[in-house]
Amino acid sequence: MKRKIIFIVYCIGLLIALLYRGRITKAFALMMDQNLKGTVIVLDAGHGGNDPGARVSGQDEDEINLDLVLKLADYLEKAGAEVRLTRTEDVDLSDEGVSNIKRSDLQHRAEILNAEDVTLFISIHCNTSGDQRCQGSQVYYRINDKISQQLADTIQL
């Protein structure tokens, strides 16, 4: 009986992984179909430094976010995009010695996001909730930006 339950859990996990991979594959296909040469994409690995984000099973969100961003950067660069990372290690973006670290960090991220030559800003987070009704993904995009909306819609499929 125990083997049967483990096998069922394994099959469910595999199915979820394949469905998730399908979404990612569609998003990457969309990116690869686009001519990304001349496109500046900023990848923001959410949290970092003094703010590890959510913690589940001993794993901090900021570490997961950074790992995902580094992998995504490879795909986008191969598609011809210029990729900028808000961070490449476990740090925040706040000014040293400020009293409100979070505010300073977010201010610097906003400055990067609003740079004139930035085409697309992608901030990766792996949120958790104590409310079991909350599940799935959240995708935000810039209003009136058709490419951003198209990518967001593809990820949400």
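Every value quoted in this text rests on a predicted model; they were computed, and no experiment measured them. (Residues numbered from 1 in each chain as written. Predicted model: local features only at pLDDT ≥ 70, side-chain atom pairs only at ≥ 80, totals over all residues. Heavy atoms only, no water.)

## Topic: the side chain of Ser94
Counted only if it meets this: Strands are runs of DSSP state E lasting at least two residues, helices are runs of H or I lasting at least four, and both sets are numbered from the N terminus onward. Burial classification: accessible surface area is computed with a 1.4 Å probe over protein chains only, and a residue below 20% of its type maximum counts as buried, one above 50% as exposed, and the rest as partly exposed. Every residue pair with non-hydrogen atoms within 4.5 Å of one another is taken to be in contact.
Following the sequence through the fold, Ser94 ends up in the loop between strand 4 (82–85) and helix 3 (101–113). Classification of Ser94 as buried rests on a relative accessible area of 19%. Leaving out residues up to four positions away in the same chain, Ser94 has contacts with Ile101, Ser104, Asp105 and His108.

## Things to note about the nonpolar core
To be explicit about the condition: Residues belong to one nonpolar core when they are buried, are Ala, Val, Leu, Ile, Met, Phe, Trp, Tyr or Cys, and are joined through side-chain atoms within 4.5 Å.
In terms of nonpolar packing, the biggest core is built from 16 residues, with Ile41, Leu43, Leu76, Ala81, Val83 and Ile122 touching the most fellow members. If you list the elements that add at least two residues to this core, you get strand 1 (40–45), helix 2 (61–78) and strand 5 (120–124). Here this core gets 5 residues from one element, more than from any other, and that element is helix 2.

## Quick word on the side chain of Asn65
Here Asn65 shows up in helix 2. Given the relative accessible area of 0%, Asn65 is considered buried. Contact partners of Asn65, with chain neighbours within four places excluded, come to Ala45, Gly46, His47, Ile124, His125 and Cys126.

## Details of helix 3
Spelled out, the test is: Expected span of a helix, by definition, is 1.5 Å for each gap between consecutive residues, and there is one gap fewer than residues. We define a polar contact as two N or O atoms separated by no more than 3.5 Å, with the added condition that, inside protein, one atom must be a possible hydrogen donor and the other a possible acceptor, whereas residues neighbouring each other in sequence contribute only through side-chain atom pairs.
With 13 residues, helix 3 extends 18 Å from end C-alpha to end C-alpha; this agrees with the ideal 18 Å at 1.5 Å per step. Considering only its buried residues, helix 3 is in contact with strand 1 and strand 5. Looking at where helix 3 begins, the residue whose side-chain oxygen comes 3.4 Å from the main-chain nitrogen of Lys102 is Asn100.

## Some words on helix 4 (residues 146–156)
Selection rule: In this description, one arc is meant: the one made by directions from the helix axis to the C-beta atoms.
Along helix 4, the residues that are buried comprise Ser148, Leu151, Ala152 and Thr154. The buried residues of helix 4 occupy an angular sector of 160° when projected down its axis, which confines them to one face.

## A word on the pattern of salt bridges
Two side chains carrying opposite charge are able to pair once their charged atoms lie near each other. Defined as follows: One speaks of a salt bridge when a side-chain nitrogen belonging to Lys or Arg is within 4 Å of a carboxyl oxygen belonging to Asp or Glu.
Scanning all chains against the criterion turns up 8 salt bridges. Put simply, Asp44 and Arg109 hold a salt bridge, and the shortest N to O gap is 2.2 Å. Here Asp44, found in strand 1, pairs with Arg109, found in helix 3; they are 65 residues apart in sequence, far enough to count as distant. Asp44 sits in the buried class, given a relative accessible area of 3%. Across the pair Asp105 and Arg109 runs a salt bridge whose closest N-O atoms are separated by 2.7 Å. Of this pair, Asp105 and Arg109 both sit in helix 3, 4 residues apart, which is roughly one turn of the helix. Judged by its relative accessible area of 5%, Asp105 falls in the buried class.

Keep in mind that these numbers describe shape and distance, not what the molecule does.
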